[in-house]
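This is what each chain is made of:
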Amino acid sequence: MDIAFDHQEQLQQIQSGLLPGEQVIAVYDAIGAGTGFLGLTDRRVIVQDKSFVGKKVAITSIPYARISAVSVVSNKSFAGSFFSSGAIAIHVGTHTYEVEFRGENKAHHVHNVILHYIAR
């Protein structure tokens, strides 16, 4: 299976923490405050969060079973077309993880993969 990814080192970081038999689907670089990247496997969503004090970084694993909803967040311009970025919001309990990507296609791919696993 081909893995979609933006940066080799992010893919390797995800691969180094996989559970036995777990498969990587995609790893996308994130833009905006805090988030470094988002990884998708066949079991969970993995978010790298750089927003901690003292340059600390957290890698958060979110099992699909814990995700209650996923949203596509888009910026519409006044002309009615979309800007070249897309964001998704992942709702887990009372917390929402918002991740912004370069390009709408990545946001839609992430959204569709998460929806596939949570809608089973």
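Per chain, residues are indexed from 1 in the order of the written sequence. For this predicted model, a pLDDT threshold of at least 70 governs which residues receive local features, and a threshold of 80 or more governs which side-chain atom pairs are given and counted, while totals over whole chains, interfaces and linings are taken from all residues. Processing note: side-chain calculations cover all non-hydrogen atoms of the structure and skip hydrogens and water entirely.

**Q** Got a minute to help me understand the nonpolar core in this structure?
**A** Most often, soluble globular proteins have nonpolar side chains that are buried together. If you look at the biggest cluster of nonpolar residues, it comprises 23 residues, and the most contacted ones within it are Leu38, Leu40, Val45, Ile88, Ile90 and Ile114. Every helix listed is a DSSP run of H or I at least four residues long, and every strand listed is a run of E at least two residues long, numbered separately from the N terminus. For this core, the element with the highest residue contribution is helix 2 (residues 104-118), accounting for 5 residues. Residue contacts are counted whenever heavy atoms from the two residues lie within 4.5 Å of one another. Beyond its immediate sequence surroundings of up to four residues, Ile90 is in contact with Leu38, Val45, Ile67, Ala69, His95, Thr96, Tyr97 and Ile114. Only buried Ala, Val, Leu, Ile, Met, Phe, Trp, Tyr and Cys residues count toward a nonpolar core, and they belong to the same one when joined by side-chain atoms within 4.5 Å. Type-normalised accessible area, obtained with a 1.4 Å probe on protein chains alone, sets the label of each residue: buried when under 20%, exposed when over 50%, and partly exposed for intermediate values. With 6 residues, the next largest nonpolar core counts Leu11, Val24, Phe37 and Ile46 among its residues.

**Q** Just checking my understanding: could you explain the pairing of strand 3 (residues 35-41) for this structure?
**A** The two faces of the sheet receive side chains in turn, since in a regular strand these alternate between them. Counting buried positions along strand 3 yields 7 of 7 residues, so the element is predominantly enclosed. In short, DSSP must find at least two bridges between two strands for them to pair. In terms of strand pairing, strand 3 meets strand 4 (residues 44-49) through 5 bridges, oriented antiparallel. Bridging across to strand 4, Leu40 finds its partner in Val45. Hairpin connection, strand 3 to strand 4: the antiparallel pair is bridged by 2 residues.

**Q** I keep staring at helix 1 (residues 8-16) and nothing clicks. Help me out?
**A** Since there are 3.6 residues in each turn of an α-helix, residues three or four apart along the chain are aligned in direction. Every buried residue of helix 1 is accounted for by Gln10, Leu11 and Ile14. Angularly, the buried residues of helix 1 cover 100 degrees about the axis, an arc narrow enough to put them on a single face. More than 90 degrees from the buried face of helix 1, the exposed residues found are Glu9 and Ser16. Check the buried side of helix 1 and you find it contacts strand 1 (4-5), strand 2 (24-31), strand 3 and strand 4. What the arc describes is the spread of directions from the helix axis to the C-beta atoms.

**Q** Got a minute to help me understand the pattern of salt bridges in this structure?
**A** When a carboxyl oxygen of Asp or Glu lies within 4 Å of a side-chain nitrogen of Lys or Arg, that pair is called a salt bridge. Per the counting criterion, the structure on display carries 3 salt bridges. Residue Lys106 is joined to Asp6 by a salt bridge in which the shortest nitrogen-to-oxygen separation is 2.8 Å. Taken together, the residues Lys106 in helix 2 and Asp6 in the loop between strand 1 and helix 1 connect sequence positions 100 residues apart. Classification of Asp6 as partly exposed rests on a relative accessible area of 28%. Arg102 serves as the salt-bridge partner of Asp29, at 2.9 Å between the closest nitrogen and oxygen. Pair noted here: Asp29 is in strand 2 and Arg102 is in strand 8 (residues 95-102), with a separation of 73 residues, a long-range link.

**Q** How should the environment of Thr94 be read in this particular structure?
**A** Mapped onto the elements, Thr94 comes out in the loop between strand 7 (85-92) and strand 8. A C-alpha to C-alpha distance of 9.7 Å links Thr94 and Ser68, two positions 26 residues apart in sequence.

**Q** Sorry if this is basic, but what is going on with helix 2 here?
**A** For helix 2, which comprises 15 residues, the first-to-last C-alpha distance of 21 Å matches the rise-based estimate of 21 Å (1.5 Å per residue) to within 8%. Taken residue by residue, helix 2 has Glu104, Ala107, Val110, His111, Val113, Ile114 and Tyr117 as its buried positions. For a helix, the expected span equals 1.5 Å multiplied by the residue count minus one.

**Q** Please explain the packing of aromatic side chains as it appears in this structure.
**A** Within a pair of aromatic rings, the relevant descriptors are the distance that separates the centres and the angle that separates the planes. Only Phe, Tyr and Trp rings are paired, with Trp represented by its six-membered ring, and only when their centres lie within 6.5 Å; those with planes under 30 degrees apart are stacked, over 60 edge-to-face, the remainder tilted. Under the criterion given, the structure shown has 2 aromatic pairs. Between Tyr28 and Phe101 the ring centres are 6.1 Å apart and the planes differ by 80 degrees, which places this aromatic pair in the edge-to-face class. Here Phe101 lies in strand 8 and Tyr28 lies in strand 2, a separation of 73 residues in the sequence. With a relative accessible area of 0%, Phe101 lands in the buried category. Centroid distance Tyr64 to Tyr117: 4.5 Å. Interplanar angle 15 degrees. Geometry classified as stacked. Separated by 53 residues along the polypeptide, Tyr64 in the loop between strand 5 (58-63) and strand 6 (67-73) and Tyr117 in helix 2 bring together distant segments of the chain. When sorted by exposure, Tyr64 lands in the same class as Tyr117, which is buried.

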